[in-house]
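What the coordinates show
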Amino acid sequence: MNRARRVGWIGVGALVVLVALGAAIKPVWFPSPVEQPYRLVKTWGGEGTAPGRFHNPIGIAYGNGRIYVADSLNHRIQVFDPDGRFIRQIAVPDQGRPMNIAVRDGRVYAADYWNDDVLVFGADGALERTLGTPGKAGSAPGQFSSPTGVAVGPRGDLYVAGFYNQRVQKLGPDGRFIRQWGHTGKEGYVEAGWFNYPIDVAVAPDGTLYVADGYNDRIQVFGPDGRFLRKWGGPFAANVRGPFNGWFRTPTCVAIGPRGDVFVADEENDRIQKFTPQGRFLTAFGTPHRGPGYTETAVTVAPDGTVYTVNLIENRVEVWRPGPGPAR
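Here we summarise the structure given alongside this text. (Residues numbered from 1 in each chain as written. Predicted model: local features only at pLDDT ≥ 70, side-chain atom pairs only at ≥ 80, totals over all residues. Heavy atoms only, no water.)

Our next topic: the overall build of the protein. The secondary structure content of the protein amounts to 1 helix and 24 strands. Buried residues in the protein amount to 55% of all 328 residues. Accessible surface for the protein amounts to roughly 14300 Å². Of this, 54% is attributable to carbon and sulfur atoms. (Helix = DSSP H or I, 4+ residues; strand = E, 2+ residues; numbered from the N terminus. Buried < 20%, exposed > 50% of the residue type's maximum accessible area, 1.4 Å probe, protein only. Areas by Shrake-Rupley, 256 points an atom, 1.4 Å probe, with all protein chains shown as cover.)

This structure, assessed with the given rule, holds 15 salt bridges. The closest approach of N and O atoms between glutamate 128 and arginine 107, which form a salt bridge, is 2.7 Å. Of this pair, glutamate 128 sits in strand S9 (residues 127–131) while arginine 107 sits in strand S7 (residues 107–112), placing them 21 residues apart in sequence. For arginine 107, a relative accessible area of 34% corresponds to the partly exposed category. (Salt bridge = Lys/Arg side-chain N within 4 Å of Asp/Glu carboxyl O.)

It is worth spelling out the environment of alanine 111 at this point. Among the secondary structure elements, alanine 111 is positioned in strand S7. Alanine 111 sits 35 residues away from serine 146 along the chain, and the two C-alpha atoms are 8.2 Å apart. When near neighbours in sequence (up to four residues on either side) are disregarded, alanine 111 contacts Arg97, Pro98, Met99, Asn100, Asp117, Pro147, Thr148, Gly149 and Val150. (Contact = heavy atoms within 4.5 Å.)

All chains considered together, the criterion is met by 25 aromatic pairs. Consider the rings of tyrosine 197 and tyrosine 215, whose centres lie 5.2 Å apart with planes at 45°: the pair is tilted. Note that tyrosine 197 is positioned in the loop between strand S13 (177–182) and strand S14 (200–203) and tyrosine 215 in the loop between strand S15 (209–213) and strand S16 (218–222), a separation of 18 residues in sequence. Residue class for tyrosine 215 comes out partly exposed when judged on its relative accessible area of 38%. By the ring-pair criterion, three or more aromatic residues cluster together here, those being Trp44, Phe54, Phe80, Phe86 and Tyr308. The aromatic ring of tryptophan 114 is capped on one face by arginine 97, whose charged end is 4.2 Å from the ring centroid. The aromatic ring of tryptophan 181 is capped on one face by arginine 179, whose charged end is 4.5 Å from the ring centroid. (Phe/Tyr/Trp six-rings, centres within 6.5 Å; stacked < 30°, edge-to-face > 60°. Lys NZ or Arg CZ within 6 Å of the ring centre and 35° of its normal.)

Now for the side chain of glutamate 267. With respect to the helices and strands, glutamate 267 occurs in the loop between strand S19 (262–266) and strand S20 (271–275). Buried charged residue glutamate 267 carries no salt bridge. Nearest counter-charge: arginine 241, at 8.4 Å. Setting aside residues no more than four positions away along its own chain, glutamate 267 makes contact with Arg249, Thr250, Thr252, Tyr294, Glu296, Thr297 and Leu312. (Lys, Arg positive; Asp, Glu negative; His and termini not counted.)

Once that is clear, we can look at the sheet that holds strand S22 (residues 296–301). Ordered in space as S1-S24-S23-S22, the 4 strands form an open sheet in which the pairing is antiparallel. A single partner strand is all that each edge strand has here, and the edge strands are strand S1 (38–45) and S22. Neighbour-to-neighbour, the strand axes of this sheet turn through a mean angle of 25°, independent of strand direction. Sheet topology note: the S22/strand S23 (residues 307–311) ladder contains 5 bridges and is antiparallel. The partner of threonine 300 across the bridge, within S23, is tyrosine 308. (Pairing = 2+ DSSP bridges. Axes fitted to C-alpha atoms, helices over the stretch in contact; angles between N-to-C directions.)

Within the largest apolar cluster, 23 residues are counted, with the highest numbers of intra-cluster contacts made by Trp44, Ile60, Val69, Val299, Val307, Tyr308 and Val317. Among the secondary structure elements, those contributing two or more residues to this core are S1, strand S3 (66–71), strand S18 (251–256), S19, S22, S23 and strand S24 (316–322). Not counting residues within four places of it along the chain, the set of residues in contact with valine 317 comprises Lys42, Thr43, Trp44, Phe54, Ile60, Val69, Tyr308, Thr309 and Val310. The next biggest cluster of nonpolar side chains, apart from the first, holds 15 residues, and it includes Ala202, Ala212, Ile219 and Phe281. (Core = buried A, V, L, I, M, F, W, Y, C linked by side-chain atoms within 4.5 Å.)

Strand order across the open sheet formed by 4 strands is S18-S19-S20-S21, with antiparallel pairing between neighbours. In this open sheet, the two edge strands, each paired with only one partner strand, are S18 and strand S21 (281–285). Mean inter-strand twist for the sheet, computed between neighbouring axes without regard to direction, equals 20°.

Listed below in structure tokens is the structure:
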């Protein structure tokens, strides 16, 4: 075989290898939806300070048949029925800015970004206790530096995402420090178990912990015993952002659905993405933004599968249900 023909066959072989690699990589790095997107069925809110109006709604949670919304710059949490009828508001003291919130057994837990603490409110809206130490040091166990997310585990333990601490802490129901994930004050960009400004946490009924690793554009998952299990989001979940299915551009909230599926608010992509507990992409949906700012910032799921989100730039709550509609 002459040299020209050998070179030609080498070129064809290389092309075949590239095509094969592309075929193998595409479903992993660029997955197609396997479910229809959800459809928008209702909204409520709008900018303002009156009951039912919002100024920078950041977090949302479902509990006891009610929808709780962290109305951050109005320094309050508002409570609604599932149809959007205003019930009451919970004042956050010291001009606090509640971020992601959680509800369990009638109590409301709020990560107060501004005051470096976690607030616990009773069923009547009264402040029961405050966890954490005020100030920006926040490096000792049980201290916080701008907490952005809180979740309650099946035994009442608290999980708190510390934005500037670069860690997630686990506290007992009494606020006693138990353990942490991450390395205090140190960002990590590729390695498992390191964070780059974690923003939210969610805990499955079996105790599995899901962390929205914000500026790493990925989800990290840890077992009930604390061991790292997996991560997802873009190639190798290695701090690579993007608009593609399964990728993120700053995940700001994570929630567990009634069937165990994982819903992630992909803020800078203006969408909610839905995954299996193992990280397989299922579908995406959301409201495209019409100007500066982002839409889908936080998400919660009711027992019947209805999804509630907060649209940051429109200052409103959105209600989504599974159904036919154009994929985004």
